[in-house]
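Fold and geometry: a report
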Amino acid sequence: MSLSPTELHLHCQEIIKLSQRKKGIIILCEGNINEIKGRVERYRRLEIFPDANFYKACIPIWWTEKRPTFVPCGDRKDVIDTYFSLVDAANNSDIPSGIDKNKFFAIIDLDLQPHAFSNYVVTDTEALYSLYYQNGKFQPIGINQHSIFITGLIYKEAYFLVPDLQPLFDHHFTVFYNDQPLNLDGLYQIMAQALSDDNNLCTHFPRACGRLNHLATLDFTNVATLQESWLQTFLSANEPEKSQLIYALLTIHQVKDYWKAFTPKDTIPEARFKEQLTLAIGGFYSRQPLDSEHHLPCFFKTLSTHTL
Amino acid sequence: MRLVRVQVPEFRALKDVDITFEPDFYPQVFPVGSLNGGGKSTLLQLIFVLLHCSAHKERHPFVANMLDRVTISESQTSSILAKFELLEGGKKIELEFTLCNDGYLRELDIDPIFNREMVSFGIFRRQDWLLESLEKSDEELEEEFYRLLSHELNDPESKITMEEMESDFENAMKEREYFQPLIKNIKKSLIAKNQFCITSFYSKQELGLICNFSGSKKDIKEILTSISKRIFLSAPSTQIYLFLSKNEKQQLFKSKADPKNSYLYQYSIEQSKNSLRNFLTYDVFATDTLVSLIETARNQDFKTLVDTGTNGITYPKIIEELNALTRDKTVFPLLDDKANIIGVVFKTPEGTDIYPEDLSHGELKRLSLYVWLKLIIPQDENIVLMDEIENGFHLDWQYTIVRDLIEWGKTNQYILATHSYELCTALTPAHVKEIELKPIAK
Ligand SMILES: Nc1ncnc2c1ncn2[C@@H]1O[C@H](COP(=O)(O)OP(=O)(O)OP(=O)(O)O)[C@@H](O)[C@H]1O
Ligand SMILES: [Mg+2]
């Protein structure tokens, strides 16, 4: 469900007002549109933990002044539409309205389905991905030309499953998967074994391969050979190679179902548990050092060099 | 210690309050919201006063002040003031604070030899001496009396005669003779019902505050004492503190033209802190504590140097942490000519020296909270109640204060009265609690 033109217009008006109130940059992201500002009681009544708050929790702790504001805009298409409407509004307003288009950024999920841009420096999301990531690593490219960021993993949720989170799942939260304490290494193998059943991946297979061609050990003949070669290599891989394989998997495979299957050990309701875990994962990214290679801290580091 | 649930049927602005702070939530930080006048401050102060003061006799006047003007309707003998569910080391403790009038005592199973009219909370209050004396023998009391007597006789200012003192003492002893068994009898019948009389006071009628307890085999006094150590309150110094006396509270509203008035209110707050050990106002900044922190770090590093030949890293770490508390200033210890640390000074980026008293309202508050949570209160499972936490903080700090609190006192549970949406977004919607407005009486 995408925003209607009227909804989009109203939403942009809200964001413009917000941008005039806030000092820092505004980053549009995916997620249910809820109130941007409000009262404590309104926040309490939100049914679900807003996606924007995950990103907000990831803002590095060293970013102490003019921290960015995340605004949820709906699905990926809505985020892109909102971004371009805001830029249009800034370009077309005749009065010096104080709409500063340099304040607006967006972050979207990579997905396997591409989204074509009609009037942007790159043609589609896949091209945007290639620009920001090389061999799975974030490239700090000039943000003055590129205000739309894209995740380096298939969805935001893939960042909930990276290997470095294992200690968090062991200690702070006892996470269960299939009634067993979660073991990420084991989970990656379960994921790999499910590759040939991933319809989305089968449909967009050539595109997925395009993202992974830096990995010489994988066999891209078809999904089955990819699955087989991934499992083979993974079992004998050394550390850096192993991590590359894991990230490769998280770049192409439908990850949301695994995240959904995580369960708490305690009596706490599952939905509550998930949102608290999301918040703690955000905290993990916020505490990464400046030279971290995790995509999200890199994204913030690049953003922080942007001066308004 | 964790506060798991608080219920207040009716107290001042509060009506049918029932809030649960889930002990399995992470983090243990719970914002509490309401409109202005919804009763957030009232609730935090009520929780604090009941849990911090009940076990300690010298704090009972604060309870009486807090309950000033409460009444029990004619037709009733008791009404529930507040119920608490707490967790201590995984064990549940349930406390129920009930207000009772004399009718309640008269319904107890009390020996009929006592005149019913005499059964009253008034006798608990009649004289502190009377209650204390229950624990002592006649001989001990007589000895005490003669000590006092000789003291009075030696005092040239004393107006009381020896005869008057002797007859007072005799009356008191007679009263004691009568009341001693009665009070014992009352206490016994209360204990039989798992009840304990905290204190009694006069508020239009003789009233008593009784605590019902269950869930623990321990002695009620022991439970209340251990809770009192674990409960903390911090709030702005300009707040109305319901636990101060009526006179003290009124100082806040007297003409500001006379500086004495606002000074008197601040003085009352400071006085109250002498017995309310776990109470902090945000404007207090303990330079001494900071100095001793820096000193300890320096000494520790020196010891590392002596032991291992390499410099320790405690001091630079502490300084880095302190630097992060202010916006752009760096902290330096002030040294005398023998390199003793005598204070701290903050340097601005331009190199100007700033003293703690020159910091901004928000910076001072952060610093004061840091010192309090990290250095003064024991790192334990405390329940920390904080009122108007966001005041003086800009939006970024309203958000990051949640992380700071967890960082500074990892094992604490925080209950934050707040109006800040920004603060709440650092937590999940389920963390946020609300006090509904009391319906307006027709
Ligand atoms: N005896 C009483 N009975 C009923 N209501 C009372 C009584 N005494 C005071 N109040 C009301 O209690 C309210 C004060 O509550 P409190 O200060 O706890 O609110 P608050 O939620 O902290 O508000 P704020 O957000 O403004 O700090 C006032 O509206 C006051 O009129
Ligand atoms: Mg208040």
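Residues numbered from 1 in each chain as written. Chains lettered and ligands numbered in written order. Predicted model: local features only at pLDDT ≥ 70, side-chain atom pairs only at ≥ 80, totals over all residues. Heavy atoms only, no water.

**Observations concerning the overall build of chain A**
Looking only at helices and strands, chain A features 14 helices and nine strands. At 20 Å, chain A has a C-alpha radius of gyration in line with the 19 Å of a compact globule built from 308 residues. Across its three principal directions, the C-alpha atoms of chain A cover 65 × 45 × 40 Å. Counting across all 308 residues of chain A, residues that qualify as buried make up 54%. In chain A, of all internal contacts separated by at least 6 residues, the share reaching a separation of at least 24 is 70%. Working note: accessible area of chain A is about 14,000 Å², and carbon and sulfur atoms make up 50% of it. Distance from the positive charge centre (28 side chains) to the negative charge centre (35 side chains) of chain A: 10 Å. (Helix = DSSP H or I, 4+ residues; strand = E, 2+ residues; numbered from the N terminus. Rg over C-alpha atoms; globule rule 2.2 N^0.38 Å. Buried < 20%, exposed > 50% of the residue type's maximum accessible area, 1.4 Å probe, protein only. Contact = heavy atoms within 4.5 Å. Areas by Shrake-Rupley, 256 points an atom, 1.4 Å probe, with all protein chains shown as cover. Lys, Arg positive; Asp, Glu negative; His and termini not counted. Charge placed at Lys NZ, Arg CZ, Asp CG, Glu CD.)

**Considering the site of ligand 1**
Residue and element names in this part refer to chain B. G37, K40, S41, T42 and H419 are the nearest of the 13 residues found near ligand 1. Between N36 and ligand 1, the recorded distance is 2.9 Å, taken from a side-chain N or O atom to an oxygen atom. Relative to its unbound accessible area of 660 Å², ligand 1 is 60% covered by the protein chains. Residue composition of the shell around ligand 1, by class: two nonpolar, eight polar and three charged. (Near = heavy atom within 4 Å. Polar contact = N/O pair within 3.5 Å; in protein donor to acceptor, adjacent residues only side chain to side chain. Nonpolar A, V, L, I, M, F, W, Y, C, P; charged D, E, K, R; others polar.)

**A look at the sheet that holds strand β9 (residues 262-264) of chain A**
Residue and element names in this part refer to chain A. Judged by pairing direction, the sheet is antiparallel, and its three strands sit side by side in the order β8-β7-β9 without closing on themselves. Where the open sheet ends on each side, the last strands, each with one partner, are β8 (180-181) and β9. Direction of pairing for strand β7 (residues 175-177) relative to β8: antiparallel, over a ladder of two bridges. The residue bridging F176 from the neighbouring strand is P181, located in β8. On the sheet, helix α13 (residues 270-286) packs against β7 and β9 and is oriented at approximately 105° with respect to β9. (Pairing = 2+ DSSP bridges. Axes fitted to C-alpha atoms, helices over the stretch in contact; angles between N-to-C directions.)

**A few points about the domain arrangement of chain B**
When the domains of chain B are assigned, the result is domain 1 (2-104 + 194-278), domain 2 (127-192) and domain 3 (284-358). Computed over C-alpha atoms, the centres of domain 1 of chain B and domain 3 of chain B are 38 Å apart. (Domains from an automatic or database assignment.)

**A word on the interface of chain A and chain B**
Across the contact, 31 residues belong to chain A and 30 residues belong to chain B. With both sides pooled, the region where chain A packs onto chain B buries about 2,700 Å², and carbon together with sulfur makes up 58% of that total. For chain A, the biggest contributors to the area lost against chain B are V40(A), Y43(A) and R44(A); these three give 25% of the whole. On the surface where chain A and chain B come into contact, there are five salt bridges. For the salt bridge of E422(B) with K56(A), the shortest nitrogen-to-oxygen distance reads 2.8 Å. Taken together, chain A and chain B are joined by twelve residue pairs in polar contact (both at pLDDT 80 or more). Of all the elements in the fold, those that place two or more residues in the side of chain A that touches chain B are α2 (40-45), α3 (51-58) and α13 of chain A. (Buried area = accessible area lost by both parts, 1.4 Å probe. Salt bridge = Lys/Arg side-chain N within 4 Å of Asp/Glu carboxyl O.)

**Here we look at the side chain of N185(B)**
Residues and elements named next belong to chain B. Within the secondary structure layout, N185 lies in helix α7 (residues 162-192). Under the relative-accessibility criterion, N185 is labelled buried at 19%. Among residues more than four places away in sequence, those in contact with N185 are D109, I110, D111 and F114.

**Section: the sheet that holds strand β1 (residues 26-29) of chain A**
Residues and elements named next belong to chain A. The four strands are arranged β2-β1-β3-β6 in an open sheet whose pairing can be described as parallel. The strands lining the two open edges of the sheet, one partner per strand, are β2 (69-72) and β6 (148-150). Across the sheet, the mean angle separating the axes of adjacent strands is 25° when strand polarity is ignored. Sheet topology note: the strand β3 (residues 104-108)/β6 ladder contains three bridges and is parallel. Looking at the pairing, I108 lines up with I150 of β6. Where α3 meets the sheet, its contacts fall on β1, β2 and β3, and the angle it forms with β2 comes to roughly 160°.

**Some remarks on the packing of helix α1 (residues 5-21) of chain A against helix α4 (residues 76-92) of chain A**
A pair of packed helices is captured by two measures, namely the crossing angle of their axes and the spacing between those axes. All names here are of chain A. Direction vectors running N to C along α1 and α4 enclose 65°, while the axes themselves pass 10 Å from each other. On the basis of their axis angle, the class for α1 and α4 is roughly perpendicular. Where α1 crosses over α4, the two elements pack in a sense that is right-handed. Along the contact surface, α1 presents L8, H11, C12, I15 and I16, while α4 presents D81, T82, S85, L86 and A89. Tallied by class, residues from the contact of α1 with α4 come to six nonpolar, three polar and one charged. (Parallel < 35°, antiparallel > 145°, perpendicular 65-115°, else oblique. Left-handed = near helix turned anticlockwise from the far one by under 90°.)

**Here's the deal with the pairing of strand β6 (residues 195-202) of chain B**
All names here are of chain B. Counted residue by residue, β6 has seven buried out of eight residues, so it is predominantly covered. As judged from the seven bridges shared by β6 and strand β7 (residues 206-214), these two strands associate in the antiparallel manner. Its bridge partner lying in β7, Q195 is registered against N212. Between β6 and β7, which pair antiparallel in sequence order, lie three residues; one of them, K204, sits at a positive phi of approximately 70°.

**Concerning helix α6 (residues 138-154) of chain B**
Residue and element names in this part refer to chain B. Relative to the 24 Å expected for 17 residues at 1.5 Å per residue, α6 spans 25 Å between its end C-alpha atoms, a close match to the ideal helical length. Listing the buried residues of α6 in full gives L141, F145 and L149. An end-on view of α6 places all buried positions within 75° of arc, on one side of the element. Exposed side of α6, more than 90 degrees from the buried face: E139, E143, R147, H151 and N154 are the residues found there. (Expected span 1.5 Å × (residues − 1). Arc of directions from axis to C-beta.)

**Observations regarding the nonpolar core**
Residue and element names in this part refer to chain B. If you look at the biggest cluster of nonpolar residues, it comprises 217 residues, and the most contacted ones within it are F84, L95 and M386. The element contributing the most residues to this core is helix α1 (residues 40-53), with nine residues. The residues touching L95, leaving out its near neighbours within four places in the chain, are L51, A82, K83, F84, L86, C211, N212, F213, I220, L224 and I227. Formed by 17 residues, the second largest nonpolar core is a distinct cluster that contains L108, F114, I123 and I183. (Core = buried A, V, L, I, M, F, W, Y, C linked by side-chain atoms within 4.5 Å.)

**A closer look at the state of the cysteines**
For the structure on display, the rule yields zero disulfides over all chains. Free of any disulfide, C58(A) has its nearest neighbouring cysteine sulfur in C29(A), separated by 11 Å. Note on C58(A): relative accessible area 1%, which makes it buried. Between C424(B), a free cysteine, and C29(A), which holds the nearest cysteine sulfur, the sulfur-to-sulfur gap is 19 Å. (Disulfide = S-S within 2.5 Å.)

**Here we look at a nonpolar patch on the surface**
On the surface, F302(B), L305(B) and V306(B) cluster together into a nonpolar patch covering about 290 Å² of accessible area. Residue V306(B) is classed as exposed on the basis of its relative accessible area of 57%. (Patch = residues over 30% accessible without salt bridge, like charges linked within 9 Å, V, L, I, M, F, W, Y side chains within 5 Å.)

**Observations regarding the domain arrangement of chain A**
Residues and elements named next belong to chain A. The domain architecture assigned to chain A consists of domain 1 (5-155 + 279-304) and domain 2 (162-254). Each of domain 1 and domain 2 was reduced to a C-alpha centroid, and the two centroids are 27 Å apart. Counting from both sides, the interface comprises 18 residues of domain 1 and, opposite them, 19 residues of domain 2. Area buried by domain 1 at its contact with domain 2 is led by L112, L153 and I154, which between them contribute 34% of it. Taken together, the links from domain 1 to domain 2 amount to one salt bridge.

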